[in-house]
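Commentary on secondary and tertiary structure
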Amino acid sequence: MITYLPHRGMRQGKGRIMLAIIDYGVGNLFSLSRSLDYLGVECQITRSLAELKAADRILLPGVGAFGDARQKLVELSLIEPIQELAATGKPFLGICLGMQLLFDSSEEFGTHAGLGLIPGRIVSMQSAFEEAKLNLKVPQIGWNRLNVRKESPLVSGLGEQDFVYYVHSYFAADCQEYVVADSDYGLAIPGIVQKDNVFGTQFHPEKSGAVGLKILKAFTEVPL
């Protein structure tokens, strides 16, 4: 059962964590909230700016096309508030398309501006494979090993043979400085990125079994 807290007094008891999941119409909210519930993490699915401001941590999920997702954020007047919330320093995590939205731009079905929270751009996996003369299936769907490249709170509990679940046709490029972990799918595909308090996972932690739960739990423990 998911715990939905009232609009006021969202924190209940000393040390309790309040996490807000942004609901803008394109996220896999049920699986994600069930995973957090399993971890014992208080969460609220919301698009209310007041509730987002009150939360200790913010999570931006997403599935579908970049341009459509960005348009929904525009329609809900959430672009600037999300940028401002990230600038406060509170932990912020984007998942799958939510991670892609963190970057400067995307070339998916045209050119679209992102949130600009992490430098880099989202590019076509098919185009990258054709340029590299690779014959691999697009989208990448399934389990892939996560290769940790640098230290980050999200990977502190992971091992060398941990696998996560991907579903995507576009990936982050020109962002090597911020890549925490990647997966080999013909090319080194960024799997986890981080810039200061802003994190992203290209894979779905809520569909990645025990490893995904470790990553979600680690996010809820990032110092405030």
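My aim in this report is to walk through the structure given alongside it, one point at a time. (Residues numbered from 1 in each chain as written. Predicted model: local features only at pLDDT ≥ 70, side-chain atom pairs only at ≥ 80, totals over all residues. Heavy atoms only, no water.)

So, about the nonpolar core. If you look at the biggest cluster of nonpolar residues, it comprises 33 residues, and the most contacted ones within it are Ile-22, Tyr-24, Ile-82, Phe-92, Leu-101, Phe-103 and Leu-115. Every element with two or more residues in this core is listed here: strand 1 (18-22), strand 3 (57-60), helix 3 (66-75), helix 4 (79-87), helix 5 (97-100), strand 7 (118-124) and strand 11 (170-173). Residue contributions to this core peak at four residues, all from helix 4. In contact with Phe-92, not counting residues within four places along its chain, are Ile-22, Ile-58, Leu-60, Ile-82, Ala-86, Leu-102, Asn-197, Val-198, Phe-199 and Phe-219. Core analysis: the next-biggest nonpolar cluster, separate from the first, contains 28 residues, Ile-21, Val-41, Cys-43 and Leu-59 among them. (Core = buried A, V, L, I, M, F, W, Y, C linked by side-chain atoms within 4.5 Å. Buried < 20%, exposed > 50% of the residue type's maximum accessible area, 1.4 Å probe, protein only. Helix = DSSP H or I, 4+ residues; strand = E, 2+ residues; numbered from the N terminus. Contact = heavy atoms within 4.5 Å.)

Further remarks concern the pattern of salt bridges. Two side chains of opposite charge can pair, provided their charged atoms sit close to one another. On inspection of all chains with the given rule, the structure shows six salt bridges. Of the charged contacts in the structure, one is a salt bridge between Glu-221 and Lys-217, with a shortest N-O distance of 3.1 Å. Three or more residues joined by partner-sharing salt bridges are found here, namely Glu-107, Arg-121 and Asp-174. (Salt bridge = Lys/Arg side-chain N within 4 Å of Asp/Glu carboxyl O.)

Taken in spatial order, the eight strands of this open sheet run 2-1-3-4-14-13-12-9, and their pairing is mixed. Because the sheet does not close on itself, it has two edges, and the strands there are strand 2 (42-46) and strand 9 (147-148). Inspection of the sheet shows strand 3 paired to strand 4 (residues 92-95) by three bridges, in the parallel sense. Bridge pairing in strand 4 links Leu-60 to Gly-94. Against the sheet, helix 1 (residues 29-38) makes contact with strand 1, strand 2, strand 3 and strand 4, and its axis sits at roughly 170° relative to strand 1, the strand it touches most. (Pairing = 2+ DSSP bridges. Axes fitted to C-alpha atoms, helices over the stretch in contact; angles between N-to-C directions.)

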